[in-house]
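Analysis of the macromolecular model
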Amino acid sequence: MGTVHARSLDPLPMQGPELGLHADDIQSPLSEQKPEPVILENKDVVVQHVHIDGLERTKEDMLSYEIVDLFSARNLIDVMRKSHQARQKLLRLGIFRTVEVVIDISGGVDALPNGLDVTFEVTEFRRITSNCTTRVGTNEGSMVLGMKLPNVFGRAEDLSYQYSYGTNETSYGLSFFKPLLGHFERNISVYLYKVTGQFPWSPLKEADRGVSAELSFPVWKTNQTLKWEAVWRELCHRTGNDSFPAQEKSDQSFKSSISHAMIIDTRNSSILPSKGSLLKIHQELAGYTGGDTRFLKEDLEVQLNKPLAWDCVVSASFWGGLLLPIGENSTSIADRFNLGGATSVRGFSTRSLRPPSHGDYRGGEAYWAGGLHLYTPFPLRVWKVDSGDALRTHFFLNAGNLCNLKYGESLQVHLVNLATCVRWSYGLGIVLRLGNIARLELNYCIPMGVQSGDRVLDGVQFGAGIRFL
């Protein structure tokens, strides 16, 4: 806007001919020239050009899918909103360290009076990056070393190598990730890996060498995953006790399977949610694409979270699964379900809810588990965070059971087996959320329904992990 200049008017004479006017009736010319305010929200604009500065390895054709919505903006506020959305999409690709947005008036011979140019100033990641982090699993901690080649072919592909050393498991693997153009949430990944693990609840250790290919894509409100996996598995004993009944399972097997997973997750946090729900269904079919292991496996997880008064939250969850062998071969210990521990049925040792055989817990072919929690604010809280508090107290009630299927018997008999001799526990404790990384619990547990051979932890129990019942 420019500066308004105006000259002053001489005052009217005190005496003179009667003109029929008074001084109060005369309006100043300045009041007539007062400009009306411009409402930017309603001003029509046209995005003429979109520039991306700073590209080195990235191909421009793949970025056009992320910024195309900018050309449909019709006012300045819309341009700003869609520029922010385009910036988030560019950052989501994982190939730019920084993305800055500049909106300016169009210039040049083809510039329109209401034309705008939008420029994204980007900084790409280096060709090779490395990291060293820690990871928390089910009562297990790991140190992870990784190296990655981001944007290796210029279209948001990633090639990465990762080595993990943990208390019970050591693994390393090479992975390749490729998103589909214009649909980052639809992606393909291939993984080569080796995993060696030992189980504290059993004298068995397992070594897996495998390859997998995975396709992920959204359908309506769900996230779908199709996966093919081929893995060579070796089971052996750490104790060398030949009288061990599971000696027949100490062998080598090759599994080739196709699996499907569907997830609907509306929770506000995957670690310690205060509202929302989760539905996860996983199916795996082994043996029809090769290998000597044949089975059908179904797994279900449901969780509901409801906020109450006084910043309290009630949470209910249910797990269930079924493993059906195909053919005459029995199921492998590596494929069976396990239950018990600080992250599932509290008050029992990790994966110990099975009648033992000389100290061995070999899992079951069918299981169920349920949990009910009441989360309340920590009474002696020394710091405050947002509505999703990181430190809370909780009262819990857990129950579950698992068994092996007896072939030739009816479904009703199997349901009766799962409903009898149910282990359950109740108690209270403290829950600490470590950002979006892990969750820690310190509980006082009272186990009930204890069966012969169960490993019980009556009293204080510590748990760390991501997935809790």
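The sections below set out a description of the structure shown in this document. (Residues numbered from 1 in each chain as written. Predicted model: local features only at pLDDT ≥ 70, side-chain atom pairs only at ≥ 80, totals over all residues. Heavy atoms only, no water.)

1. Points about the overall build of the chain
Using the following cut-off: Where helices and strands are cited, they refer to DSSP runs of H or I of at least four residues and of E of at least two residues respectively, numbered from the N terminus. Type-normalised accessible area, obtained with a 1.4 Å probe on protein chains alone, sets the label of each residue: buried when under 20%, exposed when over 50%, and partly exposed for intermediate values. Only heavy atoms enter the contact rule, under which two residues are in contact if any of them lie within 4.5 Å. In this description, accessible areas are obtained by the Shrake-Rupley approach with a 1.4 Å probe, and a residue is regarded as covered only by the protein chains that are shown.
Helix and strand counts for the chain stand at four helices and 19 strands. Every one of the 469 residues in the chain was classed for burial, and the buried ones make up 38%. Counting only contacts in the chain whose residues sit at least 6 apart along the sequence, the fraction spanning at least 24 positions is 58%. With an accessible surface of roughly 26800 Å², the chain has 58% of that area assigned to carbon and sulfur atoms.

2. Regarding the environment of Phe 254
Mapped onto the elements of the fold, Phe 254 is located in strand β11 (residues 252-265). Distance from Phe 254 to Ala 230, taken between C-alpha atoms, is 7.3 Å for residues 24 residues apart in sequence. Excluding residues that lie within four positions of it along the chain, Phe 254 makes contacts with Ala 230, Val 231, Trp 232, Gly 290, Gly 291, Asp 292 and Thr 293.

3. Comments concerning the packing of aromatic side chains
Put simply, the rule is: A pair of aromatic rings is counted whenever rings of Phe, Tyr or Trp (Trp by its six-membered ring) have centres within 6.5 Å, and the orientation is called stacked for planes under 30 degrees apart, edge-to-face for over 60 and tilted otherwise. Here, a charge over a ring is recorded when the distance from Lys NZ or Arg CZ to the ring centre is within 6 Å and its angle to the ring normal is within 35 degrees.
Per the stated rule, a full pass over the model turns up five aromatic pairs. Taking 6.0 Å as the distance between ring centres and 25° as the angle between the ring planes, the aromatic pair formed by Trp 424 and Tyr 426 counts as stacked. On the basis of relative accessibility, which here comes to 36%, the residue Tyr 426 falls in the partly exposed class. When the ring centre of Tyr 288 is taken as reference, the NZ or CZ atom of Arg 294 above it lies at 5.0 Å. Stacked on the ring of Trp 319, the Lys or Arg Arg 467 has its end atom at 3.7 Å from the ring centre.

4. Observations regarding the sheet that holds strand β3 (residues 115-124)
To keep things clear, this is the line we draw: In this analysis, strands are considered paired if DSSP registers two or more bridges between them. Under this scheme, a helix contributes an axis fitted over its contacting stretch, all axes are lines through C-alpha atoms, and angles between N-to-C directions fall in the 0 to 180 degree range.
Pairing in this open sheet of three strands is mixed, and the strands run β1-β3-β2 from one edge to the other. Both edges of this open sheet fall to β1 (46-53) and β2 (96-105), since each of them pairs with a single strand only. Pairs of neighbouring strands in the sheet enclose a mean axial angle of 15°, with direction left out of account. On the sheet, helix α3 (residues 76-92) packs against β1, β2 and β3 and is oriented at approximately 160° with respect to β2.

5. Observations concerning the side chain of Ser 315
As a reminder of what qualifies: Between N or O atoms, a polar contact is any pair within 3.5 Å; within protein, one atom must be a potential hydrogen donor and the other a potential acceptor, and residues adjacent in sequence are included only when both atoms are from side chains.
By the element assignment, Ser 315 lies in strand β14 (residues 313-325). Its relative accessible area of 5% is what places Ser 315 among the buried residues. Separated by 2.9 Å, the side chains of Ser 315 and Asn 305 make a polar contact. Not counting residues up to four positions away in its chain, the partners in contact with Ser 315 are Gln 303, Leu 304, Asn 305, Gly 371, Leu 372, His 373 and Tyr 375.

6. Overview of the nonpolar core
As a rule of thumb, nonpolar side chains are buried together in soluble globular proteins. Heads up, the condition is: Note on terminology: a nonpolar core comprises buried Ala, Val, Leu, Ile, Met, Phe, Trp, Tyr and Cys residues joined through side-chain atoms within 4.5 Å.
Within the largest apolar cluster, 21 residues are counted, with the highest numbers of intra-cluster contacts made by Val 50, Val 79, Leu 90, Leu 93, Phe 96, Val 118 and Phe 120. No other element matches β3, which puts four residues into this core. Discounting chain neighbours no more than four positions away, the residues touching Val 50 are Ile 67, Leu 70, Phe 71, Val 118 and Phe 120.

7. With respect to the packing of helix α2 (residues 60-67) against α3
As a reminder of what qualifies: Note on angle classes: values under 35 degrees are labelled roughly parallel, values over 145 roughly antiparallel, values of 65 to 115 roughly perpendicular, and the remainder oblique. Note on convention: near helix rotated counterclockwise from far helix by under a right angle means a left-handed crossing. Clockwise means right-handed. Here the term charged refers only to Asp, Glu, Lys and Arg, the term nonpolar to Ala, Val, Leu, Ile, Met, Phe, Trp, Tyr, Cys and Pro, and the term polar to all other amino acids, Gly among them.
Running from N to C, α2 and α3 point in directions that differ by 140°, and their axes come no closer than 9 Å. Comparing the axis directions of α2 and α3 gives the class oblique. Considering the relative orientation of α2 and α3, their crossing is right-handed. Here α2 contributes Leu 63, Glu 66 and Ile 67 to the contact with α3, which in turn contributes Ala 86, Lys 89, Leu 90 and Arg 92. For the contact of α2 with α3, the class distribution of residues is four nonpolar, no polar and three charged.

8. Thoughts on the pattern of salt bridges
We apply this condition: The salt bridge definition used is simple: a Lys or Arg side-chain nitrogen within 4 Å of an Asp or Glu carboxyl oxygen.
Overall, the coordinates contain 16 salt bridges when judged by the stated rule. Asp 69 serves as the salt-bridge partner of Lys 89, at 3.5 Å between the closest nitrogen and oxygen. Taken as a pair, Lys 89 in helix α3 and Asp 69 in the loop between α2 and α3 lie far apart in primary sequence, 20 residues in all. Arg 267 serves as the salt-bridge partner of Asp 265, at 2.9 Å between the closest nitrogen and oxygen. Assessed through its relative accessible area of 39%, Asp 265 is described here as partly exposed. Using a relative accessible area of 17% as the deciding quantity, one classes Arg 267 as buried. Through salt bridges with shared partners, one network takes in Glu 66, Arg 92 and Glu 185.

9. Description of a nonpolar patch on the surface
The cut-off we apply is this: Surface patches are drawn from residues lacking salt bridges whose relative accessible area is over 30%; two like charges belong together within 9 Å, two nonpolar side chains (Val, Leu, Ile, Met, Phe, Trp, Tyr) within 5 Å.
Residues Ile 128, Met 147, Val 152, Phe 153, Leu 159, Tyr 161, Tyr 172, Leu 174 and Leu 192 make up a contiguous nonpolar surface patch of roughly 790 Å² in combined accessible area. Going through the elements one at a time, β6 (158-166) and β7 (169-180) are the ones with two or more residues in the nonpolar patch. With respect to the helices and strands, Phe 153 occurs in the loop between β5 (140-150) and β6. Accessibility expressed as a relative area gives 54% for Phe 153, which makes it exposed.

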